[in-house]
Amino acid sequence: MQTIIEKLENQERLNEEEANKLWDLELFTLGKYAQKIRTNLHGKKVYFNINRHINPTNICADTCKFCAFSAHRKNPNPYTMSHEEIMKIVDETVLRDTKEIHIVSAHNKNTSWQWYLEIFKMIKEKYPFLHIKALTAAEIDFLSRAFNMSYDEVIEKMLEYGVDSMPGGGAEIFDEEVRKKICHGKVSSENWLKIHKLWHEKGRQSNATMLFGHIESRENRINHMIRLRNLQDQTGGFNAFIPLVWQQDNSFITGKKPLGSVEILKTLAIARIVLDNIKNIKAYWATMGINLAMVAQDFGANDLDGTIEKESIQSAGGAKSSNGLSLKTFVEMIQSSGYIAIERDSLYNELKTY
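Residues take numbers from 1 onward in each chain, read along the sequence in its written order. Only residues with pLDDT of at least 70 get local features here, since the model is predicted, and only at 80 or more are side-chain atom pairs given and counted; chain-wide, interface and lining totals rely on the full set of residues. Side-chain figures throughout are based on the complete set of non-hydrogen atoms in the structure, without hydrogens or water.

- As annotated in an unreviewed UniProt entry, the chain carries the name Aminodeoxyfutalosine synthase and is attributed to Campylobacter ornithocola.
- UniProt positions are given in the numbering used here, feature names are shortened, and annotations may be inferred rather than shown by experiment. Looking at the Function (unreviewed entry) heading of the UniProt record, one finds this comment for the chain: "Radical SAM enzyme that catalyzes the addition of the adenosyl radical to the double bond of 3-[(1-carboxyvinyl)oxy]benzoate, leading to aminodeoxyfutalosine (AFL), a key intermediate in the formation of menaquinone (MK, vitamin K2) from chorismate."
- Here is the UniProt Pathway (unreviewed entry) comment for the chain, exactly as written: "Quinol/quinone metabolism; menaquinone biosynthesis."

And the structure:
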């Protein structure tokens, strides 16, 4: 442990075995070292953007046990939006100065690949200034299998139709034994990483996520981070890491107690320490609540995501995020915590300091 402390003091890279020993440190020790890295990178800045989440369908070919969003068994309200309905939402949100449209869907085999992609072209043609963040690696894998297209062909169509960056969804936890139990049939961890590598090789950026607090172990979390770090060493294409706290309401994983705040903050602090080549760590308020997300800014996080406006996936599992947060709330909470509120675009270019 003394060797690990010396490495932390010198901000040297930890290997996987050393990273696993970080759990033995108490929270405020981890926070001290994570916050040192955060301060060196970002000072007192806390980033957010003005974005709108749209989830066009909840009809899904997969039946992930952790998910409360897809329309099967515990969610008997299936829906698929038309492009006209989606455009109406976009028209309305643009009036509120939204900069990013974040579109993630379930894997709906009753649609065409054109249904998934043509909406992006419609948005871009009408609002070329909007950043479109859309299609997770899990969706790309689904489209590839459903419509006999290679990953590269799907990615080429994404670029052709106007997608600017990829969200990080579908990563869940990379350990394949865990995946067999919670999301069997979904994109494999190897293919998730392969898809993001292909996207990065096109000169584009993406986010990376990790879903934790279900049946995974702490060692699974560390391995997940190390595999992301290895790909980032190759491509440099991840602009943020987003640890997602699992929402347990209405899921098919039972008997799990919700994670406590200490475990959540430890996970974020360790992520900041281990992921030395990913610049931004996001405390995604939609899964951990805005208050804990603000506390996380003292434990290595430097981003809160965005205003969201409407959120369906996490709120289906019990998160208090269905109606987003106002810009005023974001700015006031950041400022009252002693930080500087920075509105950013989707690629972390600073737009406004409050």
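Anyway, onward from the coordinates.
Thoughts on the packing of aromatic side chains
Argument step 1. Think of it this way: a Phe, Tyr or Trp ring, Trp meaning its six-membered ring, pairs with another when their centres are within 6.5 Å, and the plane angle makes it stacked under 30 degrees, edge-to-face over 60, tilted otherwise. Applying the stated criterion across every chain yields a total of 11 aromatic pairs.
Argument step 2. Where Tyr116 meets Phe142, the ring centres are 6.1 Å apart and the plane angle is 55 degrees; that geometry is what we call tilted. With a gap of 26 residues between them, Tyr116 in helix H5 (residues 113-126) and Phe142 in helix H6 (residues 137-146) connect regions that are remote in the sequence.
Argument step 3. Between Tyr127 and Phe129, the ring centres sit 6.0 Å apart and the planes meet at 75 degrees, which makes this aromatic pair edge-to-face.
Argument step 4. Judged by its relative accessible area of 12%, Tyr127 is buried.
Argument step 5. Under the relative-accessibility criterion, Phe129 is labelled exposed at 53%.
Argument step 6. An aromatic cluster of three or more residues is present, and its members are Phe48, Trp285, Phe330 and Tyr354. In this description a helix means any DSSP run of H or I spanning at least four residues, a strand means any run of E spanning at least two, and both kinds are numbered starting from the N terminus. Burial classes: relative accessible area under 20% of the type maximum marks a residue as buried, over 50% as exposed, and values in between as partly exposed (1.4 Å probe, protein chains only).

Description of the confidence of the model for the chain
Argument step 1. Within a predicted model, pLDDT stands for the predictor's per-residue confidence, ranging from 0 to 100. Per-residue confidence for the chain gives a mean pLDDT of 91; residues scoring 70 or more make up 91%.
Argument step 2. It only takes one pair of heavy atoms within 4.5 Å for two residues to be counted as in contact. When the criterion is pLDDT under 50, residues 311-321 qualifies, and its contacts beyond four places in sequence or with other chains add up to 35 contacts.

Notes on the UniProt feature "binding site: S-adenosyl-L-methionine" (unreviewed entry) in the chain
Argument step 1. Per the UniProt entry, the sites bearing "binding site: S-adenosyl-L-methionine" (unreviewed entry) are Phe66 and Glu172 in this numbering.
Argument step 2. By the element assignment, Glu172 lies in the loop between helix H7 (151-161) and helix H8 (176-182).
Argument step 3. A relative accessible area of 7% means that Glu172 is categorised as buried.
Argument step 4. Here the side chain of Glu172 touches Lys186 through a polar contact of 2.6 Å, side chain to side chain. A 3.5 Å cut-off defines polar contacts: any pair of N or O atoms within that distance qualifies, except that in protein one atom must be a possible hydrogen donor and the other a possible acceptor, and neighbouring residues in sequence count only when both atoms are side-chain atoms.

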